[in-house]
Amino acid sequence: MGVPVVLVHGLRVSGSMWRPQVEFLREQGRQVVAPDLPGHGERRGEEFSLGRAVDAVLEAVDGVGGRVLLVGLSLGGFVSIAAAAASPGRVAGLVAASCTVRPAQSLAQVYRIPAALLEVLPDKGLSVNERFHRLTLPDEGADAVLDGGLAMEAARSVIDEIADMDVLGALGSYPGPVWLVNGARDHFRIHEKRFMDACAQGRLVNVPRAGHMVSLDQPVNFSRLVGDAADVVAVREARRGVEGGEGQSRVLEGPASG
């Protein structure tokens, strides 16, 4: 069964966006969960905060037991970095996708102004977002996103919370292996080097022919990457146990994925 995998979704969407990865990883015999963050999916109506989101992720981690490979995309990437920094003992490895950008600079430009414009529409921009996903994602990917609903009302509180996050500081405080994964066409790639420099043990993977929603633009490639990362982490965990369990020995390097 190896190391359990916890998948953390992006802004407005829900755990349903991970359907291709959940199916792929479970077919490999892996234990995998994709929780909803506060204010999203089945938790719509709950107030979002970074602290509550981290708590939701760590509850999911505890639910599968043991140390996990934590995988997050966009908002989920920022939350996963925060969760790994808050509780590194529960996170054996981290895949942070589509989030190699400093939030204070990016969120105001990319999300805050469009979110304010969408809020004046009768449906808060729901139909616009639905059409966008239908136009930009494969049919199966769009269905995976939309089946969990779009929490249009969550955008403002999420942006306000994440914009103040010291993401590089949080990433630098996590001692384990990190895979930074981006679609080659993603606009959130602009600070890749800074993020790599912040990692204690970092790898950068750019996925060709993929944009911001890399897990749905290239679902098989992304799923394989997550599976490979889980295998690397499982080997490291086995060696860690042999070399002293919960001791402070340096974690051995595994092969790069991508």
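Residues numbered from 1 in each chain as written. Predicted model: local features only at pLDDT ≥ 70, side-chain atom pairs only at ≥ 80, totals over all residues. Heavy atoms only, no water.

1. What about the side chain of His133?
Move 1: Within the secondary structure, His133 sits in helix α5 (residues 126–136).
Move 2: The contact partners of His133, leaving out residues within four places of it in the chain, are Ala142, Val145, Leu146 and Leu150. (Helix = DSSP H or I, 4+ residues; strand = E, 2+ residues; numbered from the N terminus. Contact = heavy atoms within 4.5 Å.)

2. What to know about helix α1 (residues 19–27)
Move 1: Regarding α1, the residues found buried are Gln21, Val22, Phe24 and Leu25.
Move 2: Gly29 lies just past α1 and shows a positive phi near 85 degrees. (Buried < 20%, exposed > 50% of the residue type's maximum accessible area, 1.4 Å probe, protein only.)

3. Looking at the environment of Val226
Move 1: By the secondary structure assignment, Val226 is in helix α11 (residues 219–242).
Move 2: The sequence separation of Val226 and Val5 amounts to 221 residues, and the corresponding C-alpha distance is 8.6 Å.
Move 3: The residues contacting Val226, other than those within four sequence positions of it, are Val5, Leu25, Leu69 and Val71.

4. Some details on the pattern of salt bridges
Move 1: Under the counting rule described, the total for this entry stands at 9 salt bridges.
Move 2: Salt-bridge contacts for Arg43 lead to Glu46; the nearest nitrogen and oxygen are separated by 2.8 Å.
Move 3: The closest approach of N and O atoms between Asp62 and Arg90, which form a salt bridge, is 2.8 Å. Here Asp62 is found in helix α2 (residues 50–64), whereas its partner Arg90 is found in the loop between α3 (75–86) and β4 (91–97), with 28 residues between them in sequence.
Move 4: Judged by relative accessible area, which is 48%, Asp62 ranks as partly exposed.
Move 5: Since its relative accessible area comes to 27%, Arg90 is described here as partly exposed. (Salt bridge = Lys/Arg side-chain N within 4 Å of Asp/Glu carboxyl O.)

5. Side note on the packing of α5 against helix α6 (residues 139–146)
Describing two packed helices takes the angle between their axes plus the distance from one axis to the other.
Move 1: At a closest axis distance of 7 Å, the pairing of α5 and α6 adopts a crossing angle of 150 degrees. It follows from the interaxial angle that α5 and α6 lie roughly antiparallel. Contact with α5, carried on its side by Glu130, His133 and Arg134, involves Asp139, Ala142, Asp143, Val145 and Leu146 of α6 and no other residues of that element.
Move 2: Among the residues forming the contact of α5 with α6, the class breakdown is 3 nonpolar, 1 polar and 4 charged. (Axes fitted to C-alpha atoms, helices over the stretch in contact; angles between N-to-C directions. Parallel < 35°, antiparallel > 145°, perpendicular 65-115°, else oblique. Nonpolar A, V, L, I, M, F, W, Y, C, P; charged D, E, K, R; others polar.)

6. Here's the deal with the sheet that holds strand β2 (residues 32–33)
Move 1: If you walk across this open sheet you meet the 6 strands as β2-β1-β3-β4-β5-β6, and the pairing is parallel. Edge positions in the sheet fall to β2 and β6 (201–207), since each of these pairs with one other strand and no more.
Move 2: Note that strand β1 (residues 5–8) and β2 share 2 bridges and pair parallel. Looking at β2, one finds that Val6 is bridged to Val33.
Move 3: Across the sheet, α2 is in contact with β1, β2 and β3 (68–73); its angle to β1 comes to roughly 160 degrees. (Pairing = 2+ DSSP bridges.)

7. Considering the pairing of strand β5 (residues 177–183)
Move 1: Of all 7 residues in β5, 7 are buried; the element is thus mostly enclosed.
Move 2: Burial along β5 is two-sided: the face carrying Pro177, Trp179, Val181 and Gly183 and the face carrying Val178, Leu180 and Asn182 are both buried.
Move 3: As paired strands, β5 and β6 are joined by 7 bridges and run parallel to one another. When the sheet's bridge partners are listed, Gly183 is paired in β6 with Val207.
Move 4: A crossover links β5 with its parallel partner β6, the connecting element being helix α9 (residues 192–198), and its sense is right-handed. (Right-handed = clockwise from strand over helix to strand, strands pointing away.)

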